[in-house]
Structures are given as C-alpha cells and as structure tokens.
Amino acid sequence: MAAAWEEIRRLAADFQRAQFAEVAHRLSERNCIEIVTKLIAEKQLEVVHTLDGKEYVTPAQISREIRDELHVCGGRVNIVDLQQVINVDLLHIENRANDIVKSEKTIQLVLGQLINESYLDQLAEEINDKLQETGQVTISELCKAYDLPGDFLIQALSRRLGRIIHGQLDQENRGVIFTEAFVSRHRARIRGLFTAVTRPTPVNNLITRYGFQEHLLYSVLEELVNTGRLKGTVVGGRQDKAVFVPDIYARTQSNWVDSFFKQNGYLEFDALYRLGIPDPAGYIKKRYKSTQLLFLRAACVGQEIVDQVEASVEEAISSGNWIDVATLLPSSLSVEDVGILLQQVMRSLNKNSSGLVFSDTIVVSEKFLSSCADLFSDIMQQKAEKEMKNNPVNLITEEDLKQASGLENSYANKKDKKDERRKKATEGSGSVRGGGGGNAREIKIKKTKKKGRKDADSDEESQATSTGRNKQPEFPFMSQEEIQDVLKTHMQDCPEELITELAEHLIRPLTKTYQEVVRSVFTSSTSSSGASRRQTMKDLQEEFSNLYNNIRLFEKGIKHFTDETQTNLAKHLLKTVCTDVTNLIFNFLASDSMMTTENYSTITSEVRTKILGKLPEDTKGPLTKLHTSLNGKSVEDFLSCLDSAVDICGIMVKKGDKKKERQVLFQHRQALIEQLKVTEDPALVLHLTSVLLFQFSTHCMLHAPGRSVPQIINFLSGKIPEDQHSLLVKYQGLVVKQLISQTKKTEQGDSDARDNLEEEERAESIRKELQEITASIKDLVLRPRKFSVTEE
C-alpha cells in the first residue's frame, strides 16, 4: 500500500515538472488550421465549422447538444431556434435532426419541430383536463391552440385514449372527442326532446335551437329509433331537410292518405306537402309498393282512373267523335298532368286505334277529322270553278304585274314629255294584224315536240312532267280564320281552343287538296273541248305569224338608215313588237304548267325571268337566249333566237308572200292615215306625217319612236319635193319651240308676272302659226299623192 502511494507521488511530480517545463517546438494557429483542413480533405477527421469560424464541432457533439436542448425545452423545439443555440449552419442541424428521428422512435419531426413522447404525454394531460371540464373538444380548436396539424393530433391522441385521455373519438366525425358523461347527457336531452315532439319537425331547426352536435344527434337519434325507445321515423336521411315524424302523427297521416286515395283514386303531391311529408313521391312509392300507380308531375293516379280514361278514349275513337279527357279527371289535376296521362293512355291503346291529341287534353278520331275536311268539299269545288271563270289560275300574279308595272312607270316618268307625246304615234304600228293570203305557205319548223305532247302515255312526257314542270303554283284556299268560321257554323258544341287547333291542323291538307281540285278543274276545262283547244292554238299561231311578218317588214324599213339611227330604230323595235311576240311565246309555254296571264302584253322582264325559272331545261336554254336578245341591238340576232324558240315550242309560222306584204303595207298605212285625220296634236301630226311620207317614198313600213322624227325628215330630203320638205322642216321647228316653251313654263312656275306674260304671248303666237300650217302638213299625206322626185 505504501509502495503504491509512493508511485502516485512520483507520477504527480513528473506531471508537475512536465507542466512547468518550457516547450522546445510549438505549432502556430495557422499550422493547426492547415493540418485540420488536410485531415478533413482526406476524410480522416469529421468536424463542422461554427458560424463564427473559431471552433470545430463534431457531428456527435451536435446531436448531443440537440438532445440536451430538446430536453431543456420540454420535449418540443424548433430547428430554426437550434441554429442560434448550437451556432452551426442550419443544414447540419437538419441533417442531424433527421438522423436522430430515424434512430429514436420517441422523437418526431413535425412542421420543422422536434417533438418527443414526453411532450405528447404532457399535451394529452392538458387536453384531458379541458375535456373533463367541457365534455367535448374539437380537433380544429386544438390545432389552433397548439399549432399542430390535425392528422398528427388525431394519431397522437388516439393512442392515448383510455390511458391518459378519458374520452372517446366520434366515429362519424373524427374531429370531435367527447366523454361518456357528455354523450349520456346529450342522449338524455335528445330522448326527452324527441319524446315530446307530436308533429313532423325539421331536425335542423332543433339542432340550431338547442345547440346539439349534429353528427352526435343523428347517431343517438338513429340508435334510439332503432331500439324502439323513440316512436317515430327520420325522413330524409342525414340532410338539411331531414324531418322527424312521430308515430302518432304518421299513423294519422297514413290514415288520411289511405282514405283519400281509396275514395278518389289519386294523390296530389301538394296535399302531402301540406301534411308535412317532404318527399311525397318517395313516400307514396314506399307506402304503396305493390299498387300499380302512374306518377305525373304534381300527382299520381291509380289504375282505376287510367282504365276509365282509356275506355272513354277508345269509345270516342271507335264512334268517330272527340272527347275532352279533362272533364273525366279531377279538376285539381293540371293541364300538363292530364296531357302526360293522356299520352300514356294513347301509347297503351292498340295500334289500330287512330286518334290525335289537341290542346293537350282532347282526343279527336281520324273519322271526325275526315268529316271536318268533308265540310269543305263543296266549297272547294265552287271556289275552283269560280276562279277558273275569272281566270285566276296564274303563277304570274297580279302583284307581280303591278310591281313590274311600277318599276316601268318610275322609269318612264323620268323621260321628257316630248318623247311621251310622240310615242302615241306608234300605237298602231305593231298591232296591225295582216290577214293571211290564200296562197300563204304553212311551215311547221319542228313536229317532234307536238307529237310528244299528244302522246300522253309516252315515257318522255312523264319524265318531262316530273323533272321540269313539277313546280306547280300554289293557290290559296282559305285562311285559318275562315276555316274556323266554317267549323264553328257546323260544330257549335266544340270548345274554342279545339276549333282553333282543328283549323291549324286542316289548313295544309285542305290547301293541298284544293290544288288537286283546281288542277282537275283546269284540266277538265282545257280538255273538255278539243275543238276549242285547237281553235285557241290556231288563233295563237295566226297572231304569232302576223307579229313575225310585221317584224320582218319593219326590219326592211330600218335598213334604209345609217348606223346610229339604224341602231336606235332597232332598239325601239326590240322593246315594242319584238317584246310582244316574246311575251306571246312565254305566255303560251306558261299555260302548259297552269301559269298564264289574261293579257300577255303586261308581262315584263322580271315576270319572264320568273317564268324561265319554272320551265324545263330543254326549253329554258333557247327561251333564255330569246329573252336576252331583247336587250341587244340587232333585230337579225333576235329573229335567229326566235326561230330556235319556235322550233322548241312547235308553233306553226305562216310566212307571208308578196301579196300578203302588200296587204299588210296597205292596212298599216290606212291605220296611220285614220289616226292622222282625227289628231290635232302638232307633235303627233309631225310624227305620223313623217312615217307615212317615208312609207310612200320607200314602200317600206317604219316603226319609229318620237325622238327619231328629225332623222326621218333628214332622210326624206331628196325623196319628196323641196317645197314639201321645207314645209316639214318649218313645222318641225315650230313643234320644237312649242315643246321648249311648255317645258320652261312648267319649270318656272309662278315667277315674274312680266316674264310669264311674254312667254304666254310667244307661246300663243307659236300655237296660231302651228294651227295655220297643220292642215297643209296633213295634206302632204291626205291629198292625192304626187310622185316623189326619186320614185320610178
């Protein structure tokens, strides 16, 4: 023992000498740093710099300090706070904290905070104290109070229920923890409250009024109802509309519903609402599972009512009558519900039953509809015959002609009054119909078309009818109001709405039937007399031949003039006589498709375009060219198109010979002379005299407008004696002066009285001078004609 103490004293003396001895070799701070850095680089040493850079800390020391700080803080510490305590970078603290959580199951990392089990136990104790005080706590309140996520709290507290926390977690709503005493207290309140309820009461109102926990109330209420402690049912499930219905009220309610349904055979949803049944349809389906019911919008009806309606409808259809189903059903049913019931009945009837539904509640048989349509048979026939007598079978309606006439009038009104007066001279020019000579040749240009028209049974005819001329006009029969008046006269017992819908239903089939009646009357009238038809065709061909030959003769007269005058005369001929013959052809073709007008001269360019749209393709092409040629400048081109059109139409043309031409020339001259004898208008006298002198000198007819009179007078220079030509030129000058004077008077109106007086004196002088010369001008034609200087 003494030897041991001696050894100890010796070692202590050596240690003391070592401490006080001077160091021969010391390392500087820089060398130490370099050595440590070298060791860290070679991974022989693992240390961490502090934030101030003055110390090195090992990872184990960081972990030790984290655990110490966690213990000091009571089991919960924020990682950010550890950075200031340990004085190292946050990254190293997070890494060491994660390693600690992985190695120790009692420590958890939640929202950047380290929490151990001791803290959770302490937390559970605090919550238990609060729970015992209030009876229930909610997780949401705990989340706000302790700044922890709800799922984490539920998981942590669930493990401590029954051990530290004396309570239970609501299974329906896991966000609430309550004690058994709380549940018992609520159960007693719920039991007492709902036992006292004697009528249907919304559960939501009770929750709001008495402050029940919703999920707990529903759970306890279902438990009490299922065990029979509460006599009643919860209707509507766990919803805002849930209603508790006591058995005593339900029995009274059910008795009323059964009694009403037994007596009336139907149930209204509104009545069940008033009884306190929130879901009437569901209640009825549950109450009458085995009963066959028809559910409507606002009610349901039993099979007895459906059978009654079905029998009545079937009887009405079989007897050819009508029935209003609404009169058989309770007045409380809406029109919509009656309509749904009626549709169901119509579907259940056999397919042979034919009937239609009007006004949603009225069933009308097909026999009744046919009888209604038969009321109009005599009216149709009479109306069709009356229209045929008045010749109203026109696709070219009067409105079309008025509209086209209005367009022409608006254009004509813009022309000078001088031209309007001079046009009167042309009234007889194109209307002269030359009589056919005894030796006139009849030339039929194409026979195939007429032959095809006669062969009614040919395939070509039927094909042309079905493709080209199927666009028949629609003739109005009666308006809906007129049909209603007829139905009211014959059916006084029908309600007003049925009459209206019957008229609306019948108007289309009646109109369609009327078209057939009109066509039948039209066909019978046109085919009743073959001789009459042939006579009409003969008159058409005669009129066409006369116009055709007149155009040829007028063309000869036009060729005596130069280019510009010749063009103007050709345009005038195209717009007058050529347009007449074109309209004649168009009216002839239109009549084959029941498209005609009484006076073909009223057909305008717009109406011709409308007719072209209704013609078949083989006819449409040549007729379109003929229509277009009227806007050209060449009469020869028009005649070429006219020959093609006549070829298509199958019209026989009587081409005149020399004898007939002389006859037409004579008739035309006489017509102009008669007109000259009776007229006193200076402009018209000048016009007629010029045209007659032209015919005397050239033996050619001339169809000229008033504006071409000066050119005709210039042409007559050298063709008639000089004194006659001078007189004609003088008369022309006076006529022009008179027209200018009249124009100025119209434009000036009430201006200076002195100027008006001078103009009137001048006009009176011109008028007197014209009166003196008019007789001489007429005598140039009316007196015995002298030979012109160039006439042979």
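See the structure printed just above.
Quantities reported herein were computed from a predicted structural model and do not represent experimental measurements.

About the cut-offs
Residues numbered from 1 in each chain as written. Predicted model: local features only at pLDDT ≥ 70, side-chain atom pairs only at ≥ 80, totals over all residues. Heavy atoms only, no water. Phe/Tyr/Trp six-rings, centres within 6.5 Å; stacked < 30°, edge-to-face > 60°. Helix = DSSP H or I, 4+ residues; strand = E, 2+ residues; numbered from the N terminus. Buried < 20%, exposed > 50% of the residue type's maximum accessible area, 1.4 Å probe, protein only. Pairing = 2+ DSSP bridges. Patch = residues over 30% accessible without salt bridge, like charges linked within 9 Å, V, L, I, M, F, W, Y side chains within 5 Å. Areas by Shrake-Rupley, 256 points an atom, 1.4 Å probe, with all protein chains shown as cover. Salt bridge = Lys/Arg side-chain N within 4 Å of Asp/Glu carboxyl O. Lys, Arg positive; Asp, Glu negative; His and termini not counted. Charge placed at Lys NZ, Arg CZ, Asp CG, Glu CD. Contact = heavy atoms within 4.5 Å. Core = buried A, V, L, I, M, F, W, Y, C linked by side-chain atoms within 4.5 Å.

Another point: the packing of aromatic side chains. In this structure the tally under the stated criterion is 7 aromatic pairs. Considering the side-chain rings of Phe194 and Phe244, the 5.0 Å spacing of their centres and the 85° angle between planes classify their relative orientation as edge-to-face. Here Phe194, found in helix α9 (residues 180-196), pairs with Phe244, found in strand β11 (residues 243-246); they are 50 residues apart in sequence, far enough to count as distant. There is no split in this pair, since Phe194 and Phe244 are both buried. Residues Trp256 and Phe260 carry aromatic rings whose centres are separated by 5.2 Å and whose planes lie at 15° to one another, so their mutual orientation is stacked. Linking Trp256 with Phe260, this pair stays in helix α12 (residues 247-264), spanning 4 residues, or about one helical turn.

Here 3 strands make up an open sheet; going across it, the order is β9-β11-β10 and the pairing antiparallel. Strands with a single pairing partner mark the edges of an open sheet, and in this sheet they are β9 (201-202) and β10 (232-235). Two strands pair when backbone bridges link them, and β9 and β11 are joined in this way by 2 bridges, in the antiparallel orientation. When the bridges of β11 are listed, Thr201 appears paired with Phe244.

So, about a negative patch on the surface. A cluster of acidic residues, Glu125, Glu126, Asp129 and Glu133, forms a negative patch on the protein surface. Relative to the helices and strands, Glu133 is located in helix α6 (residues 117-134).

What follows concerns the environment of Asn321. Within the secondary structure, Asn321 is located in the loop between α15 (303-318) and β15 (322-324). Looking at Asn321, the relative accessible area reads 37%, which means it is partly exposed. In sequence terms Asn321 and Ser371 are 50 residues apart; their C-alpha atoms lie 9.8 Å from each other. Sequence-distant contacts of Asn321, that is, excluding residues within four places in its chain, are made with Ala316, Val363, Val364, Ser365 and Phe368.

A word on the nonpolar core. Within soluble globular proteins, side chains that are nonpolar tend to cluster in buried spots. Ranked by internal contacts, the top residues of the largest apolar core, which has 75 residues, are Phe544, Ile551, Ile585, Leu623, Phe638 and Leu642. Here Phe638 is in contact with Ile551, Leu574, Cys578, Val581, Thr582, Leu626, Ser629 and Leu630, once residues within four sequence places are set aside. Met478, Val486, Met491 and Leu502 belong to the second largest nonpolar core, which has 27 residues in total.

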